[in-house]
Amino acid sequence: MEDEDNLSTSSAEVKENRNIGNLEDHPIPSNERARGGTPSSKRKRPLEDGNNGHFCKLQLIWKKVSWSVTPKNALVQLHELKPGLQYKMVSQTGPVHAPVFAVAVEVNGLTFEGTGPTKKKAKMRAAELALKSFVQFPNACQAHFAMGNCINPSTDFTSDQADFPDTLFKEFEPSTHSEDFSVYNPVNNELLSTAYRHGRLLCHTLDLMGHGKQNRHKMASKAESEKNPVVLLNELRSGLRYVCLSETVEKQHIKSFVMAVRVDGRTFEGSGRSKKLAKGQAAQAALQALFNIRLPSHIPSRSKCHHLPQDFADSVYQMVTQKFQELTDNFTSMHARHKTLAGIVMTKGLDIRQAQVIVLSSGTKCINGEYINDKGLAVNDCHAEIVARRAFIHFLYSQLELHLSKRREDWERSIFVRLKEGGYRLQENILFHLYVSTSPCGDARLNSPYEITTDLNSSKHIVRKYRGHLRTKIESGEGTIPVRCHNAAQTWDGVLLGEQLITMSCTDKIARWNILGLQGALLSSFIEPMYLHSIIVGSLCHTGHLSRVMSHRIEDIGQLPASYRRNQLLLSGVSHADARQPGKSPGFSVNWIVGNADLEVINATTGKRNCGSPSRLCKHMFFARWAKLHGKLSTRTPSHGDMPSVYSEAKLVAQTYQSVKQQLFKAFQKAGLGTWVKKPPEQDQFLLTV
């Protein structure tokens, strides 16, 4: 035990940590040679003849020097810089099944203590801390490089595996195409002999194969992607200055910062619980907007999903609920009753000070099949998320209509700016955030861990079988079922004769918005696709699964046309969600849009207002507003002939939108997730009437 606690570094232990196979130093046993062939058989040398033996010599040299590209860990490198160090066991804490060891080492008169679940890991951590104290480089590999020990400077000393040996070694192997071999260049023999003598890889570019440059470009781009966004932006635009716009203190003394940076005449903002995180968000926004660079998240996370800052998510939730409280007379109105509440908040960057609630909605029901309308006068789906999106489209029409004015101040009030090539795009740094009080119906809610209880043990295999599958809502009820039919369209006669009207789940519709955008087919004639920046879910939320069903189900959709993308939503729950209201779901849906004073109430069963008049969110109303803009506003695609008079034909004007929609449906089918079921085509074949 005394020897173990002393933890001195022996040369044998250093060799072990190098992970060198020592294949060159030991002959292969005869019994192992027999497995690969007869002992008398000779190794083939296919490239020695006809190429003056250059290629074979290179292979021999690389067998000698290739071990040196294996990066050394902190323990080995510290031993080489400061040999003979003594590591001492300081303490052991924690329970027996999960101990925590503390190991210390003295370097340059200073003591460095590392902790870990094993003595070896604690010792490694102490070595890392010691290295960082006196190596004035980002990592120890760069220190070795500066001192002549030529190890790849881009490799972190904490890495266990090399990033590139296979790539480099392949540059010395023959290509399968003979024409590629013609670009082989002679190698400086003196350079290679020096490498051979020193037994290590020289940090020079060996221009052996013409296509080797491509591999170096790949390695460079990988290094770029691993940089911090602030560092990378500074390399592209040096001398930038970050300004703190706000510093707020939330409950429990949690701080929130908003940082801004001006690049190429444009201002980008970011928020976070520290100034460092806020600067990273601002730099990331600038990189994406100006250079089309999207870096992976540098915030540690146990899942692949991207998280919205919690304080920002809580603020969005509070804004939506407070606005609903205001519109329903402190929840005393008869229409305040709801099972699901949704709202969309518009922000400038992630600055909550400029946030504005633009739409609100509630509801959990769909139209009855007998009330389906062939004139576009009924709203088919009255689930809160879907009504919020339709209310958002109403808002977009209002913003476009400002450009019909002849006054410049009206144009400047719009969120849209006109493009020289035609059409309109959203102003810079405007973001939209969807709040939903409960997880969207469909796969996102069904497979949430909070809903799979012991009562479902008997049917877990069913849940597992249809995980990620497209689902449809149950007519005149709640819940969803997997898509079962292979026919992608329903029939008008079938629905009127009693067949259930099929409506796709909210989860699947949101996944569709992540590809096509929120604007729909009609508005795609005028504006670029518009995507949600984040979704905040009040209850029954599991952000990891939500991310999978919203984005990762359709990762293999393929290349999308310009301006379309596979949108990566930021996701978050809320810190203190309101309890779901008990009782039966109300049979109505309400909606509110900024600029309108009152709530509109829709009968979810009929899809119309209680008085029988159509909702402001129905297809016919949107078609009328589209027709008003057509021919007066600049469009993204040149118009051919007269304005379409039939709703279904007007939707086909946006050809790119329609092709991306078909690409999405095929991606779902290819992934084995089912067929997207469409409504009867007759409901879209109506004429525009005054």
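- An unreviewed UniProt entry lists the chain under the name Adenosine deaminase RNA specific B2 (inactive), from Anser brachyrhynchus.
- Quoted straight from UniProt, the Subcellular location (unreviewed entry) entry for the chain says "Nucleus".

### Things to note about the packing of aromatic side chains
For step 1, the next point in the chain: Under the definition given, this model contains twelve aromatic pairs.
For step 2, the next point in the chain: An angle of 50 degrees between the planes, with centres 5.5 Å apart, marks the rings of Y317 and Y435 as tilted. A residue pair is termed long-range when its members are at least 10 positions apart, and Y317 in helix α14 (residues 310-327) and Y435 in strand β14 (residues 430-438) qualify at 118 residues.
For step 3, the next point in the chain: Using a relative accessible area of 3% as the deciding quantity, one classes Y435 as buried.
For step 4, the next point in the chain: An aromatic cluster is present here, built from F526, F623, W626, Y647 and F686 joined pairwise through their rings.
For step 5, the next point in the chain: Taking NZ or CZ as reference, K123 lies 4.9 Å from the ring centre of Y87, over its face.
For step 6, the next point in the chain: Here the basic side chain of K279 rests over the ring of Y242, its NZ or CZ set 4.9 Å away from the ring centre.

### As for the sheet that holds strand β3 (residues 110-116)
Sheets are built from strands that pair by backbone hydrogen bonding, the pairs being arranged parallel or antiparallel.
For step 1, the next point in the chain: Pairing within the open sheet is antiparallel, and its three strands lie in the order β1-β2-β3. Of all strands in the sheet, those bounded by a partner on one side alone are β1 (87-93) and β3. Averaged over all adjacent pairs, the angle separating strand axes in this sheet is 25 degrees, with direction ignored.
For step 2, the next point in the chain: By the bridge criterion, six bridges tie β1 to strand β2 (residues 100-107) in an arrangement that is antiparallel. What sits directly across from M89, in β2, is V103.

### Some thoughts on helix α25 (residues 655-670)
For step 1, the next point in the chain: The end-to-end C-alpha distance of α25, which contains 16 residues, comes to 23 Å, matching closely the 22 Å that a straight helix rising 1.5 Å per residue would cover.
For step 2, the next point in the chain: Among the structural elements, α20 (506-516), α21 (520-523) and α24 (647-651) are those in contact with the buried residues of α25.
For step 3, the next point in the chain: Within two residues after α25, G672 carries a phi angle of roughly 75 degrees, on the positive side.

### Re the pattern of salt bridges
For step 1, the next point in the chain: Taken as a whole and judged by the stated rule, the model has 17 salt bridges.
For step 2, the next point in the chain: With a shortest N-O distance of 3.0 Å, D410 and R413 are connected by a salt bridge. Here D410 pairs with R413, and both are found in helix α16 (residues 408-413), just three residues apart, close to one helical turn.
For step 3, the next point in the chain: Its relative accessible area of 7% is what places D410 among the buried residues.
For step 4, the next point in the chain: Through salt bridges with shared partners, one network takes in R407, E409, D410 and R413.

### A closer look at the nonpolar core
For step 1, the next point in the chain: If you look at the biggest cluster of nonpolar residues, it comprises 57 residues, and the most contacted ones within it are F392, L396, L400, F432 and I527.
For step 2, the next point in the chain: Examining the composition of this core, we find that eleven residues originate from one element, helix α15 (residues 384-401), more than from any other.
For step 3, the next point in the chain: Residues contacting L396, with those up to four places away along its chain left out, are I415, F416, Q519, L523, I527 and M530.

### Describing empty space enclosed by the protein
For step 1, the next point in the chain: With the rule as written, the count across this model stands at four cavities of 30 Å³ or more.
For step 2, the next point in the chain: N373, G376, A378, N380, K619 and Q683 are the residues that line the second largest cavity.

### A word on the side chain of S437
For step 1, the next point in the chain: Relative to the assigned elements, S437 resides in strand β14.
For step 2, the next point in the chain: In this structure the side chain of S437 is engaged in a polar contact, spanning 2.8 Å, whose partner is the backbone nitrogen of L341.
For step 3, the next point in the chain: Those residues in contact with S437, other than ones at most four positions away along the chain, are K339, T340, L341, G538 and S539.

### Focus on the environment of D311
For step 1, the next point in the chain: If you trace the backbone, D311 turns up in helix α14.
For step 2, the next point in the chain: Residue class for D311 comes out buried when judged on its relative accessible area of 9%.
For step 3, the next point in the chain: For D311 and S271, which are 40 residues apart along the polypeptide, the C-alpha to C-alpha distance reads 9.5 Å.

Criteria and thresholds
- Along each chain, the written sequence defines residue order, and numbers are assigned to residues from 1.
- In keeping with the model being predicted, local features are shown solely for residues with a pLDDT of at least 70 and side-chain atom pairs are shown and tallied solely at 80 or more, while totals for entire chains, interfaces and linings include all residues.
- With hydrogens and water set aside, each side-chain value is computed from the structure's full complement of heavy atoms.
- UniProt positions are given in the numbering used here, feature names are shortened, and annotations may be inferred rather than shown by experiment.
- Classification of ring pairs rests on two measures: the distance between centres of Phe, Tyr or Trp rings, Trp counted by its six-membered ring, which must be within 6.5 Å, and the angle between planes, read as stacked under 30 degrees, edge-to-face over 60 and tilted in between.
- Numbered from the N terminus, helices here are DSSP runs of H or I no shorter than four residues, and strands are runs of E no shorter than two.
- The cut-offs for exposure are 20% and 50% of the maximum accessible area for each residue type, with area from a 1.4 Å probe on protein chains only; residues under the lower value are buried, those over the upper are exposed, and the others partly exposed.
- Comment: the charge-over-ring label is applied if NZ (Lys) or CZ (Arg) is within 6 Å of the ring centre and within 35 degrees of the ring normal.
- If DSSP finds at least two bridges between two strands, the strands pair.
- Angles shown run from 0 to 180 degrees and are taken between the N-to-C directions of axes, each axis being a line fitted to C-alpha atoms and, for helices, limited to the stretch in contact.
- To estimate how far a helix should extend, the number of its residues minus one is multiplied by 1.5 Å.
- Whether two residues are in contact is decided by their heavy atoms, any of which lying within 4.5 Å being enough.
- For this analysis, a salt bridge means a side-chain nitrogen from Lys or Arg found within 4 Å of a carboxyl oxygen belonging to Asp or Glu.
- Side-chain atoms within 4.5 Å link the members of a nonpolar core, which is a set of buried Ala, Val, Leu, Ile, Met, Phe, Trp, Tyr and Cys residues.
- Think of a 1 Å grid over just the protein atoms. A cavity is a set of points where a 1.4 Å probe fits yet cannot get out, a pocket is an open set with protein on both sides within 12 Å along at least five of seven lines, and lining residues have an atom within 4 Å of a point.
- Grid points are joined across faces, edges and corners, and a volume is the space filled by probe spheres set on the points.
- For this analysis, a polar contact is any N or O atom pair within 3.5 Å, provided that within protein one partner can donate a hydrogen and the other can accept it, and provided that sequence-adjacent residues contribute only side-chain to side-chain pairs.

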